[in-house]
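A closer look at the structure
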Amino acid sequence: MEVPSISIVAPIYNEETTIPEFYRRVREVMQSIGDSWELILVDDGSQDGSSERIRELARQDHHVRRVIFARNFGHQIAVTAGLDYARGQAVIIMDSDLQDPPETIPDLVQKWREGYEVVYAVREKREGESWFKLFTASIFYRLIYRITDVTIPMDVGDFRLMDRTVVDVINHMREKHRFLRGMAAWVGFRQVGVTYQRAARFAGETKYPLKKMLKFASDAVTSFSYFPLQMATYLGFISAGISILAIPVVVVLRLAGSQAFYGQATTLLAVLFLGGVQLISLGILGEYIGRLYDEAKGRPLYIVREEPEDVINET
Ligand code: UDP
Ligand code: MG
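Bear in mind the structure is a predicted one, so any value in this text is a computation, not a measurement.

1. Things to note about the packing of helix α5 (residues 131-147) against helix α8 (residues 210-224)
In contact at an axis separation of 10 Å, α5 and α8 are set at 10° when each is read in the N-to-C sense. Looking at the two axes, α5 sits roughly parallel to α8. Here Phe 132, Lys 133, Thr 136, Phe 140, Leu 143, Ile 144 and Ile 147 of α5 come into contact with α8, specifically with Leu 210, Met 213, Phe 216, Ala 217, Ala 220 and Val 221. For the contact of α5 with α8, the per-class residue count stands at 11 nonpolar, one polar and one charged.

In structure tokens, the structure reads:
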């Protein structure tokens, strides 16, 4: 079978009303581009008629390939499965609820042709989302930006195009808690953003309630930073530091005959000091656990773009 040049990966969870329209718009856009393509629809354990819709499409159109999960594994895992099955030279990840408009695909492909290996779509405007969603999303992006070690571009979701080389690297990163946009930023290569208008959902409602969003945020933070583990150390130093500063103050005041610190001051200082020491020790444990965690993730140590034997082509 012929290998397509562009793969589109779309995770689906209970989107039966949207699927036909999503497929129609993707097909229209892909036909206008003219490249060979495939659309990988990953059914993430939908309970409505989505699986049936997907099967129908796969029967009717050989461009459509289906992956149907045995249960709901979550958006990031569904996308991961899509990346595993994708065969294209470029792979585009997009939501199937039409919030990521298929009409942006030509812009992504255009940048890819210019030589970028990752082209991510930057949200310029968001329609039809509650202020709560916008507010939490904005805090989320800013937090991630601050405390993680990789520079994850702001206002960027998973809607993006990745070159085959990048997809191969990500497919080798089998960590269980996945934060794909962080992973894609981590691998490097030439990356560029393209702006687009985030549309309102075509139908249905968000499958990311607050609980899932919190889990997602915690995956994002813990996959790319030790910050939470290091918190203990900071607190410990603060607590121990205060007590160390306070000891001479209390001693001097007591010697000067002040009644204010009689008795409990010593106990308080001892507790504060020991608490601090304990927190620091916890923090040290945390550092080692963080290292174990890094080893367990089994990420590649480095990612090579060009090897000595590669022919050098001036661009
Ligand atoms: N999705 C999924 N599994 C889930 C939740 C969502 O595959 O457990 C899909 C969903 O069908 C959609 C995309 O992931 O195509 C984004 O989900 P949603 O639109 O609910 O999130 P939001 O855009 O509100 O952040
Ligand atoms: Mg959505």
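That covers the picture; the talk isn't over yet.
2. Considering unusual backbone geometry
Of note, Leu 98 is a non-glycine position whose phi angle comes to about 70°, a positive value. Residues other than glycine seldom take positive phi values, yet Phe 189 does so here, at roughly 70°. By the secondary structure assignment, Phe 189 is in the loop between α7 (180-186) and β7 (191-198).

3. Digging into the layout of surface pockets
Approximately 950 Å³ is the volume found for the largest pocket. Taken together, 44 residues make up the lining of the largest pocket; nearest its centre are Lys 133, Arg 198, Thr 206, Tyr 208 and Met 213. For the lining of the largest pocket, the secondary-structure elements that each account for two or more residues are β1 (6-12), β5 (118-126), α5, β6 (156-163), β7 and α8. Taken together, the residues of the lining of the largest pocket sort by class into 18 nonpolar, 10 polar and 16 charged. Estimated volume of the second largest pocket: approximately 440 Å³. As for the second largest pocket, its lining consists of 17 residues, and the residues nearest its centre are Glu 117, Arg 190, Arg 305, Glu 306 and Asn 313. Looking at the lining of the second largest pocket, its residues break down into six nonpolar, four polar and seven charged.

4. Structural notes on the site of ligand 1
Of all residues adjacent to ligand 1, which total 19 residues, the nearest are Glu 15, Asp 44, Asp 97, Thr 206 and Lys 207. Protein burial of ligand 1: of its 530 Å² of free accessible surface, 95% is covered by the chains. The cavity where ligand 1 resides is the largest pocket. Tallied by class, the residues present in the shell around ligand 1 amount to four nonpolar, six polar and nine charged.

Calculation notes
- Residues numbered from 1 in each chain as written.
- Chains lettered and ligands numbered in written order.
- Predicted model: local features only at pLDDT ≥ 70, side-chain atom pairs only at ≥ 80, totals over all residues.
- Heavy atoms only, no water.
- Axes fitted to C-alpha atoms, helices over the stretch in contact; angles between N-to-C directions.
- Helix = DSSP H or I, 4+ residues; strand = E, 2+ residues; numbered from the N terminus.
- Parallel < 35°, antiparallel > 145°, perpendicular 65-115°, else oblique.
- Contact = heavy atoms within 4.5 Å.
- Nonpolar A, V, L, I, M, F, W, Y, C, P; charged D, E, K, R; others polar.
- 1 Å grid on protein atoms, 1.4 Å probe; cavity = no way out; pocket = protein on both sides within 12 Å on 5 of 7 lines; lining within 4 Å.
- Points joined across faces, edges and corners; volume = space filled by probe spheres on them.
- Near = heavy atom within 4 Å.
- Areas by Shrake-Rupley, 256 points an atom, 1.4 Å probe, with all protein chains shown as cover.
- Sits in = over half its atoms within 2 Å of the grid points.

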